[in-house]
Amino acid sequence: MPITPDAEKDIKDMMVAGCRVQIFFRAIEREQWIVQGTVRCGVDDHAAERSFRTASYPTREEAEQEALRQAAELLGNNVDRNTSRVNNVDEGRSRIACQ
């Protein structure tokens, strides 16, 4: 997704679940905000990038919340099975969260 020139000045770059997430804020007419974003995960042959864009919102904060929701949706349930707080017990029994 190409970055619009005015968005280059208002960028947040963060790591979420081990993936790089960048969001680019853009003010449009009538004090509306949209956010363009990318999610980059993996290395070498296993690298992938997905882009997204929000609808317009009346505040920057609302647009950012929607962008983070979309980024989380693209990441899905990225859980490290070695450190998960969920224990699988015998079949037929429920999962129990370890404390």
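Treat the numbers as computed from the prediction; the structure is a model and nothing was measured.

Undergrad: Kindly report on the pairing of strand E4 (residues 48-53), identifying the contributing residues and their values.
TA: Pairing of strand E3 (residues 32-41) with E4, which is carried by six bridges, proceeds in the antiparallel orientation. Within E4, the position partnered with Gly37 by the bridge is Phe52. What sits between the antiparallel neighbours E3 and E4 is a turn of six residues, in which Gly42 has the positive phi angle 85°.

Undergrad: Can you explain the pattern of salt bridges? Please cite residues and give values.
TA: What the rule picks out here adds up to seven salt bridges. Residue Lys12 pairs with Glu64 through a salt bridge whose shortest N-O separation is 2.6 Å. One end of the pair, Lys12, is in strand E1 (residues 11-16); the other, Glu64, is in helix H1 (residues 60-75), with 52 residues separating them in the sequence. Its relative accessible area of 32% is what places Lys12 among the partly exposed residues. Given a relative accessible area of 14%, Glu64 falls into the buried group. Close ionic contact of Glu29 with Arg30 constitutes a salt bridge, the shortest N to O distance being 3.2 Å.

Undergrad: Before we move on, can you summarise the sheet that holds E3 with the specific residues and values?
TA: The strands that make up a sheet pair up through hydrogen bonds in the backbone, lying either parallel or antiparallel. Across the sheet, which stays open at both edges, the four strands sit in the order E1-E2-E3-E4 with antiparallel pairing between neighbours. In this open sheet, the two edge strands, each paired with only one partner strand, are E1 and E4. The mean inter-strand angle of the sheet, taken between neighbouring strand axes irrespective of direction, is 20°. With nine bridges joining them, strand E2 (residues 19-28) and E3 adopt antiparallel strand pairing. Across the sheet, Ile28 pairs through a bridge with Gln32, a residue of E3. The sheet contacts of H1 involve E1, E2, E3 and E4, and relative to E3 the element is tilted by about 25°.

Undergrad: So what's going on with the state of the cysteines? Which residues, and what values?
TA: Going through the model one piece at a time under the given rule, you end up with one disulfide. Here Cys19 connects covalently by a disulfide to Cys41, the sulfurs 1.9 Å from one another. One disulfide, between Cys19 and Cys41, carries an S-S torsion of 120° and so falls in the right-handed class. Linking Cys19 in strand E2 with Cys41 in strand E3, this pair joins segments that are 22 residues apart in sequence. A relative accessible area of 5% places Cys19 in the buried class. The exposure class assigned to Cys41 is partly exposed, which follows from its relative accessible area of 22%.

Parameters and conventions
Residues numbered from 1 in each chain as written. Predicted model: local features only at pLDDT ≥ 70, side-chain atom pairs only at ≥ 80, totals over all residues. Heavy atoms only, no water. Pairing = 2+ DSSP bridges. Helix = DSSP H or I, 4+ residues; strand = E, 2+ residues; numbered from the N terminus. Salt bridge = Lys/Arg side-chain N within 4 Å of Asp/Glu carboxyl O. Buried < 20%, exposed > 50% of the residue type's maximum accessible area, 1.4 Å probe, protein only. Axes fitted to C-alpha atoms, helices over the stretch in contact; angles between N-to-C directions. Contact = heavy atoms within 4.5 Å. Disulfide = S-S within 2.5 Å.

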